[in-house]
Amino acid sequence: MLTFFRNFFKTKIGLGLTLAFLVLIGFAFASSDVAGTATFGGVAGGDRVAVVGEERIGTADLSSAAGRAVDQIRQQDPTITMPAFIAQGGLDEVVTQLIDRAAISEYAKLMGIRAGDNLVNSEIMSIPAFRGADGNFSQEAYNNVLAGQRLTDAEVREDLVTSLLAQQILTPIDSGAVMPDKLAHRYASLLRERRTGSLVLVPSAVFAPTEDPTDAQLEEFYQENRDRYIRPERRVLRYATFGADSVDQRIEPSAEEVAARYERDAAQYAAQETRSLAQFIVPTEQAANAIRQRVNSGTSFEAAAREAGFSISRVDAVSRADLAASTNAAVAEAAFTAPRGQVAAPARAALGWYVTRVTAVQTIPARNLAQATPEIREQLRTEKRAAAIADLSAEIEQRLDDGEALSQVAEGLGLELRSSPPLTADGQVYGAERPQPLPPILRPAIDTAFQMDEEEPQLAEVVVGQAYLIFEVTDITPSAAAPLVEIKEQVTITWRLSEGMDQARAASDRILERLRSGEAGSLQAAVQAEEKRLPGAEQVNLGREEITAQQGRVPPALALLFSMAEGTSKKLEAGNDLGWFIVDLDDISTDPIADDDPILAATRMQLQNALSDEQSQQLVRAMRNELGVEQNDTAIEAVRKQLTGES
C-alpha cells in the first residue's frame, strides 16, 4: 500500500518528465513555508517539522501532504483511513519525502541549477491530462484537474520545478551506472540455485494459557494493540430508483404526432440512393485525369492506384448528403452522377483531387405513412421517454434542493424506499461472513456517498438517460477501534496467543540449540525432543526460480531459507502472534550459467537499474548531510495526534 512512497526516489527519472510529474502531482507535497513564528510547539501554521538548509517545512505542509497521500492511496484501496495510514508508517514516509524534496531544491540552488518559468510552462502544456478535445493545452482542463486534486497553480508549478531539478541532478547518476559482467554473472547464477532443508512452525497456541485474563490484563493488552482492531468507516444508504417505468404511461405518441413527424422528415422516407465507392486522393488534376484514362483503357482501378503509389480507401452505402458532408458537394456530385463500375470525373477537395470509382449502387424505395408509422412511433417513444425522465429528474432535483425530505419525494412519486446494509468505501457489505458486494444499483453512488453528510439527498444517473437513483446517508459509523466490550472474545484469543509467544520463542531457542550443538541429528529430532507435542518438520527442496515465479507472494519462511548460509539454522516470527518458524538449510547447489544464457542479460539489466537507484538514493542522502537537517519530533507528533483525532 505504501510502496510508492518508499520507491519515489527509486523511479527512473530519465524515463520521462511527464511520468515523474504525474507521481508528484499525485502526492502534491507542498513544501513552501507558512508565515509565522519560528518556534516549535503545537500544530500552528508557522511551526516547523523540519528545516533543510535554509528551507523550512511547516506543520501545515505535513498535514496537507499526509491528507493528499491518503487520497492517492484511496484510488487503490478505498477503505484506507488516516489512522490506518499513520499506523502503517505512512506519516513517517511523508516526512522523509518532504525532506528529500527540500534537499534537492536547496542543493540545486547552491549549485546554480534552476528551472525557469518558460520550461515549467512548456512541461505543463505537454501533459496529456491538460489537453482539450482539439489536442492542445486547455486552461479549462488544467483548472478542472487541479480542482479534482485539490491543488493550486502555485503548488503544481512548485512540484514541477522540483521534478525538473531532480531530473537535472539525478539523471547523470542514473545514466552512468554500469554493472560489471562478472558481478552480473554471479548474481545470475543465484537464480538457478536450489536449496534443500526443512522448516517447522512452533505455534504459540500450543503454549497459550487456558485460563481467561483478568479484566485489567485484557484492558492493558487492548490499549497496547488498538491498531489491530480498527474497523473501516461504514455507511447505511436509503434509496429509491426511477426510470422508464415511471413515465411510460405518458409517452405513447398520438396519430397526429406520427403524421407530423412523417411530414417533417419526408425526405427521409422518400426514395433514396446510396453508393459504395473506392477512392484515393492525388495532388493534381492532371494526375487524376491520367489515372482515370488508364482505368478507362482497361487497367484495373487497384493496379492504377498501386502503380501511382496510392492506397485505396472504401466507403460503403453512403448517401449523397453524407458524402458531401465528409468531403464537399463537388466530390458528391461527381460520385453520384457516374455510372456503376465507372471512374467519376476528378473533383477537388481540401486535401487534393479525388479519383473515385463507383463499386455499387443501392436504391431504397419510398415508404408511405402506414409503412413508416412503426418506426416513427418507436422514435417518438424513445424521445418522449428521455424527455420525461429528464423532466422528472429535474423536478426531483429541484425538490431536493428546496429542502424536501427523501421520504416525501419518494411518497409523492410512488417510489419504494429501501435501505442498504452497512457498506464500506470499497463497496462491500460490512460484517458479512464472506465478501459480499453492495447492490449493483448503488455502485455508481458509493464514492459520492462517502463524501456526503447524513440526510442530504442526492440524485445520481445510473444508466444514461434511462435510470436514476435518489439516495441519502442515514447512518455513519466512523473508522475507529472496536470497543473492547464488543470484541472481548476476539481480544481474549489474541491475548492468549500473545502470552504463548514467549514460551514458543523459548521452545524455538531450545530446538535451535539442539540443532547447532549436534545433539539432534535433524530438525525433526530436535522438535520431537520437546515435552509439548509440536507439528512435524516439513522437508523443502526448491529452486530460486520457483520462488521468483510467485511474484512477491513468497511465504516469509521460504524467503528466509533463500537468504541463509548453507548449514545454518534460524528462527523467524510468524506474525500475528501465531508462533515461530525454524528454518534449517542443509545444502545449496548451483547450475552453471552459459555466457549466452538469456537470464544473464536480464540480470544485468535488473542489477543496473538497482545500482542506479541506489546511487540516486545515496546522492540525495549526501545532499541532506551536507545541507544539514533539523527534524522536530515534537511537532511531528503533534501533527500525528491532530490527524488521528487525539487532540
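Here, the structure is the one placed above.
Computed from a prediction, not measured in an experiment: that's the story for all the values here.

Draft legend 1. Layout of a negative patch on the surface. A surface patch of negative charge is lined by Asp-453, Glu-454, Glu-455, Glu-456 and Asp-475. Within the secondary structure layout, Glu-456 lies in the loop between helix 20 (446–449) and strand 11 (458–463).

Draft legend 2. Just the sheet that holds strand 7 (residues 313–319), in detail. One open sheet accounts for four strands, arranged 7-6-9-8; its pairing is antiparallel. The open sheet has two free edges, formed respectively by strand 7 and strand 8 (347–349), since each of these has just one partner strand. Sheet twist, expressed as the average angle between the axes of neighbouring strands with direction ignored, equals 40°. With five bridges connecting them, strand 6 (residues 272–282) and strand 7 associate as antiparallel partners. Within the sheet, the bridge partner assigned to Thr-274 lies in strand 7 and is Ser-319. Contacting strand 6, strand 7 and strand 9 (352–364), helix 15 (residues 301–308) runs over the sheet at an angle of about 30° to strand 6.

Draft legend 3. Region of the structure containing the nonpolar core. In this structure, Val-49, Ile-57, Leu-62, Phe-85 and Ile-104 are the most contacted members of the largest nonpolar core, which totals 47 residues. No other element matches helix 5 (residues 90–110), which puts 10 residues into this core. By size, the runner-up hydrophobic cluster in this structure holds 17 residues, among which are Met-501, Leu-515, Leu-534 and Ala-537.

Draft legend 4. Layout of unusual backbone geometry. Phi at Ala-317 takes a positive value of approximately 45°, unusual for a residue other than glycine. Within the fold, Ala-317 resides in strand 7. By relative accessible area, Ala-317 is classed as partly exposed at 47%. The phi dihedral of Glu-455 is positive, around 55°, even though this residue is not glycine. Position of Glu-455 relative to the elements: it lies in the loop between helix 20 and strand 11. On the basis of relative accessible area, Glu-455 is assigned to the exposed category, the value being 59%.

Draft legend 5. Examining helix 9 (residues 181–190) more closely. Listing the buried residues of helix 9 in full gives Ala-184, Ala-188 and Ser-189. Taken around the axis of helix 9, the buried residues stretch over an arc of 135°, which confines them to a single face. Facing away from the buried side of helix 9, by more than 90 degrees, are the exposed residues Lys-182 and Arg-186.

Definitions and cut-offs
- Per chain, residues are indexed from 1 in the order of the written sequence.
- A pLDDT threshold of at least 70 governs which residues receive local features in this predicted model, and a stricter bar of 80 or more applies before side-chain atom pairs are shown or counted, although totals over entire chains, interfaces and linings include all residues.
- Remark: hydrogens and water are excluded; side-chain values derive from all non-hydrogen atoms of the structure.
- Every patch collects residues that have over 30% relative accessible area and no salt bridge, joining them within 9 Å if they carry like charges and within 5 Å if they are nonpolar side chains (Val, Leu, Ile, Met, Phe, Trp, Tyr).
- Residue burial considers only the protein chains on display, and all accessible areas are found by Shrake-Rupley using a 1.4 Å probe.
- Each salt bridge in this description consists of a side-chain nitrogen of Lys or Arg and a carboxyl oxygen of Asp or Glu lying within 4 Å of one another.
- Positive charge is attributed to Lys and Arg, negative charge to Asp and Glu, and no charge count is given to His or to the chain ends.
- A single reference atom marks each charge: NZ on Lys, CZ on Arg, CG on Asp, CD on Glu.
- Segments assigned H or I by DSSP are reported as helices when at least four residues long, segments assigned E as strands when at least two residues long, and all are numbered from the N terminus.
- A strand pair is defined by DSSP finding two or more bridges across the two strands.
- In this analysis an axis means a line fitted to C-alpha atoms, helices contributing only their contacting stretch, and an angle means the value between N-to-C directions, from 0 to 180 degrees.
- Whether two residues are in contact is decided by their heavy atoms: any pair within 4.5 Å suffices.
- For the purposes of this section, nonpolar cores are sets of buried Ala, Val, Leu, Ile, Met, Phe, Trp, Tyr and Cys residues that join through side-chain atoms within 4.5 Å.
- The rule is simple: take the accessible area with a 1.4 Å probe, protein chains only, and divide by the maximum for that residue type; under 20% is buried, over 50% is exposed, in between is partly exposed.
- The arc refers to the directions leading from the helix axis to the C-beta atoms.

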